[in-house]
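Here's the letter readout for the chains.
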Amino acid sequence: YNTRVRMSNLWVEVRTATVDCTEECSVYSVVRVEQTSVTTRKVNGPNPQWNETFNFSVQDCGGQLVLELHKAGFFGGALFGQTTIPMYTLRHSDKPGTGWWCYLFHPESNGSLRPTKHQLYVDARFELPKDLPPEVREELEAKLEKFGDILEKEVVIMEKQHYLMVTGKLDLPRSRPTTAVSDAEESAPSREESAPSRKESAPSKSESVLGRKENAPSKSESASSKKVRAQSNKQAVEHWRKLVNHPEIKLMVKRRLQAQGKWSHKGTAGKSALIDLVKQLQGAKRINQQEANSGKNVTAFCTKHRGAFLTRANTAQDTRRRIRGRRLINEEVRLIVYQRTIEALLYPVSDPDAHKFESWNAMKPTYCSECGSFMWGLVKQGVKCSQCGQVCHERCASLLSQECFAGYNRRSSMHDRVRQAISTKMSKTKQNNEFLFTLLREAFDIQSDDHNRYVTSIEQKILSLTSNFEAVVEVNVLAAEGLNMRALSDTDRKIYVSVVVGADHKKTATSDFVNPQWAEKFVFRCNNYHEPIQVRVWNERDNAISKIQHALTKEGDNFLGQKIIEVRRIGPPHDVWYKLNKRTESVPVSGNIKLNVSVYIEGENVKVPLQEQYTKLHEQLFLHSHYTNDHALIDVPSMPAEGDEDKLKFLPAAAQQVIDEFALRYSIENLFRSMIHMQLLVNHYTLPKALVVMANLLRNIQFQIFTHIAEDNSIRGVGATKLFDEHLEAINFGRDRFAKLLENLMATLRLDLQRFREVFPAHDPAKLEDLTSVCELMKAVVLFQKQGFQATSAVQLPEMIRDSMTANLKDTFDFIVQNSVPPNMSSHLHPGLSTEGEPFHFFYEVLDNIRSVVYEDTNVYHPQIASVCDFNLGEVSAIELWKLFGGLISNLFESEENLKLFPSSAYLDLLFHIKNFYTSVVATATSKAGIAVDYPRWFEPCVKLFMRETEQKAVTYIGNAWNGDMVAKFQSYQRQPFSASVYDMFFLLHKILEYLMSIESDTEDGIKAVYHHDYALMVCAVLGEYLKKIISYIPSCNTEPKQKEAYMLVCNIHSMRVHLQELYEGLGGSERAGQKCSETLHGFQNSMLGKELNSACKLVAASSKNDIVQATIEVQNNLLRAKGQGASSKQDGLTGLKEESRTIIEPLMNTITKVLQNIASIVKPSDDTGSEQIVLHKLIKEVWAIVLESMQAILLPSQSPECAILQCACCNYSQRHCALFDVMLEVIKDFFSSDMTGLKQTVVESNIKRLKSIIGLYRKTTENLIADYISAETPKETVEEDTFGEVAIEVSTQIHPTTGELDGKIRVVSATNLKTFQTAGALRISIEVNLIVSYAQGSKKFTTTQKTGTSSPSFCEIFEFMLKEVSAPCELQITAKQHSGTIFKSDRIIGVAVVLFAELMAEAKQTVWLSSCISMSANCSILFNVLSQRAIDDAAVKDFVALKTQKRSQDDVVPEKSIVPDKFRRSLDDNASLQ
């Protein structure tokens, strides 16, 4: 069904509950499916409402759905109840149902389920496949519903049959087929026949689910067959009755039915019955009878099928309940073990009658009773017992295994004396060891009368066996391993086994394998109850000497080992490994032999192997000693003293004597006994001190094994590892069984460690010691697994313990969270965002609880495991809980909605609380583990929010400080170079920085950079607002009364730069501040503050500009009044020039001195910081710039049109003026070259040199100036986008051969795409070409004829010219003109262009682009300015200036500022007259 439909999506909705509780409490529900569990939120009240839906991905639809109701509490809580719903009973639909009420049951300590008054209202369904069509979906739902109805009817039948089976009213299937058997088989049924066949017990398709119907006997069935079938049916019914009445089977069935509310024998089950219960009952019927009798597999069966509802069955309370019943094992097995034990106690082997050996002379060939070899010699060949007549070698006397009077012949004269001796010994034993019989009777719950009857019967049996003993001994030699074949080669290896019983001697075939196998069976008749079975292993020597020795001594081969077993110590058929013993000390022996020895004694039928009998005896006495009588566990030494290896004490003295006697009588090896005791301790490890005892016992077992293999290894030399594995294989307990036992023990211990807070509470010192014992025991188990089973697990013991205990931390954290959720919390809201009460109270409570847990793990639990584990549990707990807490809060504040619930201060308070917790609890652990600090990144949105809010508050605060500072007229704050508002602003920023640094300390660099960048942005925003106020206020301080305020504001800007650098250093500088933070602060410091500081200095210095300009005008007037033309006369001398220059420049120098004194009186330099000096130097620099500008305006008035000096008439300075100007510049340079001004000497000299170069231009001739101008012009490399057309020209030149003059022709080819003006008349265009040379006589002007009707006319006109000086600078200026249409107006200029003659010489054909005007470079502009000063007196210069000032008509082009005054521009009429 699951394979076809594949329903995998399970929806479970927990709606409400009814809680029967007198006090107010908080409850929550848990839903478990397979390995997944989910938890609802905590709700208060008797009727909690959840309405929460969960989805599970289910692989097995036959599993269980578990619902639990819990009371919330700290580290414990309480389970109100639970219920189980088989998932096969759930409906399949896509629509939610109405739901149902589930009754809850509480599991008791004894394993039962107690009904409660609590109820849960739930709805559950499987989702149908989504890709099904609607009609198919409806059909599928109908089929599933019909299937449920059929299943309901089947379950009703099954439960009725189960009830009949429990009450014994149901005929169960027979245990074996109805075939005739012999009388011998009836009297001694084999083990295979006593077990039901799986094939027979399995139901066929036509039979009932529980079993098939009994076949009616056929008419031809014989009487013996009917008898056998009736007896078989009776045994089977009895077996199944005992099986279903087993306590754990009944408990499992009861729990399953209670979980559905249907524990009633008379009631009928509905659709909700458990289908897997039927499967378990079917499986129970198929258990063979041997497993049922042993009892151990019944426990395994229950453990395998009990599901999620059976708690550990071997707890102390549950075991005490079982002990009171006294029926832990099968009744028949119980009586067999009891009688066998009485037999061992009545006739103890531990106290044998000693032989009385005397020297003896053999009168005939005799063989030793012990070793079987021939007794050589003439006299005194050996010794002989004077009581029983046993003879042996003198060396074998101490090895003789038979006790005195055991080797008698029942027909001898000593018969009566032997019976009397045995009877006397048994009576004496009963009298001396009465307490042992009493203990045994109480342990097996035998009545006194029954006990006496059993004792009497066993006494008679022992006495009768001395005279009437008839038995058949079957010895099945199976295999051997670990034999001492060190001296044998492969060809010499011929191994065989000899078996001697009485006078019969038989041997197996030879084998040449290292670990030979035979599987040969020998049958012997035995008439002596104490007859030994002598099994010896030999290596055959196939030579003549060995044959002679064998004929004479029966021992001609190599002896490899022996095992002697008395007939009375043989149990039922069972494969047993025996360790081979020595015969003499001189012969080394090693290895084991596997035998299956059975003895069929007339009148006795033993069904249970001796090892299993010992197991039941040991278990019964163990439970009786530690549960009924409450004896403390006997500790086993991990390293027994030398000589005490075989004297282990497991139980109290009396019980130990009983099991010792049984083990000694029936040859139960000590290692097997240790493992049995280990198994009992594992099943009952909740007993006090059981863990310590198990650890020591396991080490003792390991010691025993190594003790055995040490001798074998010295003999065989094959290695301890191989011998260890062979020895474990040879243990009758079973290697795999013991390995599984240790695996189960480790799993149980790991589960306890996963619940260590519950299992080992911190307030219980005894339980804490158990925690240490658990770790020690795990260490011993891991060591044994590595050495014994060669386990190579990748997980080491410390990691195993760490992983197990770490698993508990998740449950601990979940519990902390559940108990910290605020009451009445909405389900869709994060519990940490509750707006009721204190903000983030949930997180504060969780952190406090985590702190308590870490403290407990560090100071309580860690000392208990420190001796075993190399990790600190407190540190591991801190790291794991911190990770879980991080998962709870890490992404919480990424949503903007979550940041609006509380003020930013609340988020920062939580951050500081978490930081304090991290520093005190987690930091040490994470630093050792190399885990980066992560909590600041959780609060990155909160810090950004805090920065935004702080920025707004800071801007408001700075505004108030500015207003107060402005009222105080920006006075110096405590004699500092800044006002109070700057102090208040940076005091606030430093406080914010301290706050930020307290957040980010010891954090990762990534989040530091983010925080620093946010802080830098906030600082820049605050300083930017303050800077805006300064820049907007400074222009209002241009009056003299407010100049002091202006100077202070400039100091404030510079102080902002200084303090900003201090903030940057406080962030850690370039190493720690982060790249973005550094770029932001440096950019603001340089681009904004530096730029605005310079601007402010210019504004402040500009207030004195008018005074300096007026003084400069006065200097110019004084200069112009100086008479004289040409060079300075020699009579004047340099002294006269200096005195006259000082007189001329005195007004300017006085003004400069006054301005600088005014600045220095406000900005007082200080030696402490140097901040005022920087501001003073910047202001002096701006004054220097104003002085330079004013002086340049005198020389080049048109270069500074904004200067008031342009109102004066331009003049052409003479040579004397230039000489005076040079001296004045030297005076200014000397004044500003002082160190106090802060100006660089190179800068001052460079500026003065530039002015002197301009003065030098006035000393040049006009031709030189024009030549320099033409040389300074550079051709255009790119075409302007707004050209007004193109003109194509050609130039051809040649040098006259006689005169050396340059003759040339200019050809105006055409004009293209001219941007003409609109005109009413015809369009007329002409091209004007001006040839400009450095000497006036060489300049020429040519004009083409006017072309009509097109904007792209073709001219092809040639003009001739001649240049006297070929090397003289020369250029062509081309002007395109449009006729105005009337004679009263001059032609309009379409565009102008300049072509250097050198370019025309390089390329004759040129196409030039017309511009609106002629553009000049900086040098050309200066030269043109000087030339314009001479245009007043020189006509040639006037024409040159007029050409260079040509521009397109103003009707179409926006007029540009000309670098030449209007009065120097040639009018249009003048141009017309020039034409």
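Remember, it's a predicted structure, so these values are computed and weren't measured experimentally.

K.L.:
Would you mind going over the overall build of the protein chain in detail, with residue names and values included?
P.N.:
A tally of helices and strands in the protein chain yields 45 helices and 30 strands. Going through the 1475 residues of the protein chain one by one, you find that 51% of them count as buried. Accessible area of the protein chain: about 69,700 Å², with a carbon and sulfur share of 50%.

K.L.:
How would you sum up the environment of Thr835? Please name residues and give values.
P.N.:
Looking at the element boundaries, Thr835 is found in the loop between α25 (797–820) and α26 (841–865). For Thr835, a relative accessible area of 53% gives the class exposed. In sequence terms Thr835 and Phe902 are 67 residues apart; their C-alpha atoms lie 8.2 Å from each other. Leaving out residues up to four positions away in the same chain, Thr835 has contacts with Leu901 and Phe902.

K.L.:
Requested: an account of the sheet that holds strand β27 (residues 1354–1363), with residues and values cited.
P.N.:
As summarised here, the arrangement of the four strands in space is β27-β23-β22-β30, forming an open sheet in which the pairing is antiparallel. Looking at strand neighbours, the two that pair on one side only are β27 and β30 (1405–1409), the edges of this open sheet. For this sheet, the mean inter-axis angle between neighbouring strands, taken without regard to orientation, is 25°. Summarising the sheet, strand β23 (residues 1302–1312) and β27 pair through eight bridges and their orientation is antiparallel. Residue pairing for β27: Val1308 is matched across the bridge by Glu1357.

K.L.:
Tell me about the confidence of the model for the protein chain, and name the residues and values.
P.N.:
For the protein chain, the average pLDDT comes to 75, and 74% of its residues sit at 70 or higher. Contacts for the low-pLDDT stretch residues 1–7, under 50 throughout, to residues beyond four places or in other chains number 17 contacts. Note that residues 1125–1132 has pLDDT below 50 and, in this model, seven contacts with residues that lie over four places away or in other chains.

K.L.:
Explain the pattern of salt bridges to me, using residue names and the numbers behind them.
P.N.:
Pairing is possible between side chains that carry opposite charge, provided their charged atoms lie close to one another. For the structure on display, the rule yields 32 salt bridges. Glu52 serves as the salt-bridge partner of Arg41, at 2.7 Å between the closest nitrogen and oxygen. Of this pair, Arg41 sits in the loop between β3 (36–39) and β4 (43–44) while Glu52 sits in strand β5 (residues 49–57), and the two are eleven residues apart along the sequence. Classification of Glu52 as buried rests on a relative accessible area of 16%.

K.L.:
Break down the side chain of Asn1118 for me, citing the residues and quoting the values.
P.N.:
Along the polypeptide, Asn1118 turns up in helix α36 (residues 1105–1120). Apart from the residues within four sequence positions on either side, Asn1118 is in contact with Thr1143, Ile1144 and Pro1147.

K.L.:
Give me the lowdown on unusual backbone geometry, citing residues and values where you can.
P.N.:
With phi around 55°, Asn51 is a residue other than glycine that occupies positive phi space. Secondary-structure assignment places Asn51 in strand β5. Given the relative accessible area of 48%, Asn51 is considered partly exposed. A positive phi angle, close to 55°, is found at Ala519, a residue other than glycine. Tracing the sequence through the fold places Ala519 in strand β17 (residues 517–526). Judged by relative accessible area, Ala519 falls into the exposed class, the value being 59%.

Reading the values: the criteria
- Residues numbered from 1 in each chain as written.
- Predicted model: local features only at pLDDT ≥ 70, side-chain atom pairs only at ≥ 80, totals over all residues.
- Heavy atoms only, no water.
- Helix = DSSP H or I, 4+ residues; strand = E, 2+ residues; numbered from the N terminus.
- Buried < 20%, exposed > 50% of the residue type's maximum accessible area, 1.4 Å probe, protein only.
- Areas by Shrake-Rupley, 256 points an atom, 1.4 Å probe, with all protein chains shown as cover.
- Contact = heavy atoms within 4.5 Å.
- Pairing = 2+ DSSP bridges.
- Axes fitted to C-alpha atoms, helices over the stretch in contact; angles between N-to-C directions.
- pLDDT = per-residue confidence, 0-100.
- Salt bridge = Lys/Arg side-chain N within 4 Å of Asp/Glu carboxyl O.

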